[in-house]
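Working through the structure, step by step
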Amino acid sequence: MKIVYFTVTGQTRRFIKKLGSEFESYEINPASEFPEITEPFVLITPTYEDAITEPVRDFLDYAENANYLKGIVGTGNRNFAQLFIFTAKNLAEEYDTPIIYAFEFNGTSKDVSNFKKAVKKLES
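For the structure given in this document, a descriptive report is provided here. Keep in mind it's a predicted model, so treat the numbers as computed, not measured.

1. Concerning the pairing of strand β1 (residues 2-5)
Moving residue by residue along a regular strand, the side chains alternate between the two faces of the sheet. Covered by surrounding structure in β1 are Lys2 and Val4 together with Ile3 and Tyr5, the residues of both alternating faces. In this sheet, strand β3 (residues 41-45) lies alongside β1 in parallel orientation, the contact comprising four bridges. Within β3, the residue paired with valine 4 across the bridge is leucine 43. Where β1 meets strand β2 (residues 25-27), three bridges bridge the pair, whose relative direction is parallel. When the sheet's bridge partners are listed, isoleucine 3 is paired in β2 with serine 25.

Dropping the structure here:
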């Protein structure tokens, strides 16, 4: 399954690198034209105010991209309590898509393993 992700500080990109070459990935870059995704994908998004993560919605709303969204993964800081992964929670509700995993910052080796299991479960 393809992994689509957004990063502001580079934390999410560092997590993607920990995944190795097992998954094809695409980084949402607001400065570039969005591609049309025509295969199932998982979205990884950090937690920020809506204005900062607006490129994620723009990407999902481009062409038929949202139709291929199968799961959302949120990243953030658990110190923010109920605000932890609120961007992922909002997107999950808005696009009627399940949150399949959540992790802090750039994730641990356990997060990498659990993420892979969650994606594999979606694929089956």
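2. Things to note about the packing of aromatic side chains
In total, this model carries eight aromatic pairs according to the counting rule given. The rings of Phe15, Phe23, Tyr101, Phe103 and Phe115 are connected pair by pair, giving a single aromatic cluster.

3. Things to note about the nonpolar core
Formed by 20 residues in total, the largest nonpolar core has its most connected members in Ile28, Phe41, Leu43, Phe59 and Leu60. For this core, the elements supplying multiple residues, two or more each, are β3, α2 (50-61), β4 (69-76) and α3 (86-94). Discounting residues that sit within four places of it in the chain, isoleucine 28 has contacts with Val4, Tyr5, Phe6, Phe34, Leu43, Pro55, Val56 and Phe59. Phe15, Val73, Val112 and Ala118 belong to the second-largest nonpolar core, a separate cluster that totals 16 residues.

4. A short note on the pairing of strand β5 (residues 99-104)
Both β4 and β5 contribute to a ladder of five bridges, which runs parallel. The residue bridging isoleucine 72 from the neighbouring strand is isoleucine 99, located in β5.

5. A word on the layout of surface pockets
Approximately 260 Å³ is the volume attributed to the largest pocket. As for the largest pocket, its lining consists of 17 residues, and the residues nearest its centre are Thr47, Tyr48, Thr75, Gly76 and Asn77. Counting residues per element, the ones that place at least two in the lining of the largest pocket are α1 (11-18) and β4. Each residue belonging to the lining of the largest pocket can be placed in one class, and the counts come to nine nonpolar, eight polar and no charged.

Criteria and cut-off values
Residues numbered from 1 in each chain as written. Predicted model: local features only at pLDDT ≥ 70, side-chain atom pairs only at ≥ 80, totals over all residues. Heavy atoms only, no water. Buried < 20%, exposed > 50% of the residue type's maximum accessible area, 1.4 Å probe, protein only. Helix = DSSP H or I, 4+ residues; strand = E, 2+ residues; numbered from the N terminus. Pairing = 2+ DSSP bridges. Phe/Tyr/Trp six-rings, centres within 6.5 Å; stacked < 30°, edge-to-face > 60°. Core = buried A, V, L, I, M, F, W, Y, C linked by side-chain atoms within 4.5 Å. Contact = heavy atoms within 4.5 Å. 1 Å grid on protein atoms, 1.4 Å probe; cavity = no way out; pocket = protein on both sides within 12 Å on 5 of 7 lines; lining within 4 Å. Points joined across faces, edges and corners; volume = space filled by probe spheres on them. Nonpolar A, V, L, I, M, F, W, Y, C, P; charged D, E, K, R; others polar.

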